[in-house]
Amino acid sequence: MSVRHVTGALLVAVPLILTAGFTGLQTTFDYPSILRHPAGEVLTHFAAGGLDLHIYWYAMFFAALGLIPAAVGIALMNFKDHPFAAALAGTFGVVGGLVQSLGLLRWTVLVPGLAAAYTAPGATDLDKALATSAFDTANAYLGMGVGEHMGYLLTALFTVMVSLIIIKRWAAMAWLGFVLAAGVAFGMLELAQVPGAAMINAIAYMGWSLWAVVLGALILWRGQTVEVGMPVAA
């Protein structure tokens, strides 16, 4: 398989896997609303989730990792003629996939142990306090800080650079990418308690998933290396 085939396939697969995992978490774990509940409720609900819950988190984790080779593929496809734009797209995509996967990794590595400790039959008040404290700390740093705050920024920057890459060939997709990137980045303002930041971010991510699938299909269908073009003033 060529770089084009792998890159296009990943751009189609990553959003689909991400959506499947997210939908599963919505139905079985009340995600992401449950993150606004007390840590004890989250850990109790997680402990009762069973194998399905772990599968959904791993789907999200591997989807985030899948962005890394997709970004590398985009960079390789365009590096010869326009090295700067391609290098930035690859860098933002690789680091964005990495920070999001690190944020999600806490749900498959750290949280299961905390949930088990919190719900253990002989757990004392101190045991529960330690578990909830560790969960809150990990959720604030790895979740909101690394996975979301940095993830939103880097995903938006990746999308901007990819949109610049395709603007001469698929202008409508490029301008839509700019809009979606702004919506994704707007989610960073949730920490500042800006009204509507979380909702705008969620809508933008849904649109981004569809945008990435269409872009992947176009790359596979066209059968040619995407032409990089930077917009110029008239």
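Residues numbered from 1 in each chain as written. Predicted model: local features only at pLDDT ≥ 70, side-chain atom pairs only at ≥ 80, totals over all residues. Heavy atoms only, no water.

Peer 1: Mind showing me how you'd approach the pattern of salt bridges here?
Peer 2: When the charged atoms of two side chains lie near each other, side chains of opposite charge can form a pair. Tallied over the entire structure, the rule returns one salt bridge. Notably, a salt bridge pairs glutamate 190 with arginine 36, separated by 2.2 Å at the nearest N-O pair. Of this pair, glutamate 190 sits in the loop between α7 (171-186) and α8 (197-222) while arginine 36 sits in the loop between α1 (3-29) and α2 (39-47); the two residues are 154 residues apart in sequence, bridging distant segments of the chain. (Salt bridge = Lys/Arg side-chain N within 4 Å of Asp/Glu carboxyl O. Helix = DSSP H or I, 4+ residues; strand = E, 2+ residues; numbered from the N terminus.)

Peer 1: Explain the nonpolar core here, please?
Peer 2: Where a protein is soluble and globular, its nonpolar side chains tend to be buried together. The biggest cluster of nonpolar side chains holds 31 residues, and the ones touching the most others in it are Phe158, Ile166, Trp211 and Leu215. Counting residues per element, the ones that place at least two in this core are α1, α3 (50-78), α4 (83-109), α6 (125-166), α7 and α8. In terms of residue count, the dominant contributor to this core is α6 (eight residues). With residues near it in sequence (within four places) discarded, leucine 215 still touches Leu11, Val162, Ile166, Trp170 and Met173. (Core = buried A, V, L, I, M, F, W, Y, C linked by side-chain atoms within 4.5 Å. Buried < 20%, exposed > 50% of the residue type's maximum accessible area, 1.4 Å probe, protein only. Contact = heavy atoms within 4.5 Å.)

Peer 1: Where do I start with the side chain of arginine 4 in this structure?
Peer 2: Position of arginine 4 among the secondary structure elements: in helix α1. Owing to a relative accessible area of 18%, arginine 4 belongs among the buried residues under this scheme. One polar contact links the side chain of arginine 4 to the main-chain carbonyl oxygen of leucine 220, over a distance of 2.9 Å. (Polar contact = N/O pair within 3.5 Å; in protein donor to acceptor, adjacent residues only side chain to side chain.)

Peer 1: Looking at this structure, how should I read the confidence of the model for the chain?
Peer 2: The predicted coordinates should not be examined in detail at positions where pLDDT is low. Across the chain, the average pLDDT comes to 91, with 94% of residues at or above 70. Taking the mean pLDDT of every element in the chain, the minimum, 93, falls on α8 and the maximum, 97, on α7. (pLDDT = per-residue confidence, 0-100.)

Peer 1: What am I meant to see in the packing of aromatic side chains here?
Peer 2: Each pair of aromatic rings is reported with the distance of its centres and the angle of its planes. According to the stated counting rule, one finds 14 aromatic pairs in the structure shown. Between tyrosine 58 and phenylalanine 62, the aromatic rings sit 6.1 Å apart at their centres with planes inclined by 25°, giving stacked as the arrangement. Taken together, the residues span about one helical turn, with tyrosine 58 and phenylalanine 62 both in helix α3 at a distance of four residues. Judged by its relative accessible area of 35%, tyrosine 58 is partly exposed. What makes phenylalanine 62 exposed here is its relative accessible area of 51%. Clustering of aromatic rings is evident, with ring pairs tying together Phe22, Phe29, Tyr31, Phe46, Trp57, Trp107 and Phe135. Taking the ring centre of tyrosine 118 as reference, the NZ or CZ of lysine 128 above it sits at 5.4 Å. (Phe/Tyr/Trp six-rings, centres within 6.5 Å; stacked < 30°, edge-to-face > 60°. Lys NZ or Arg CZ within 6 Å of the ring centre and 35° of its normal.)

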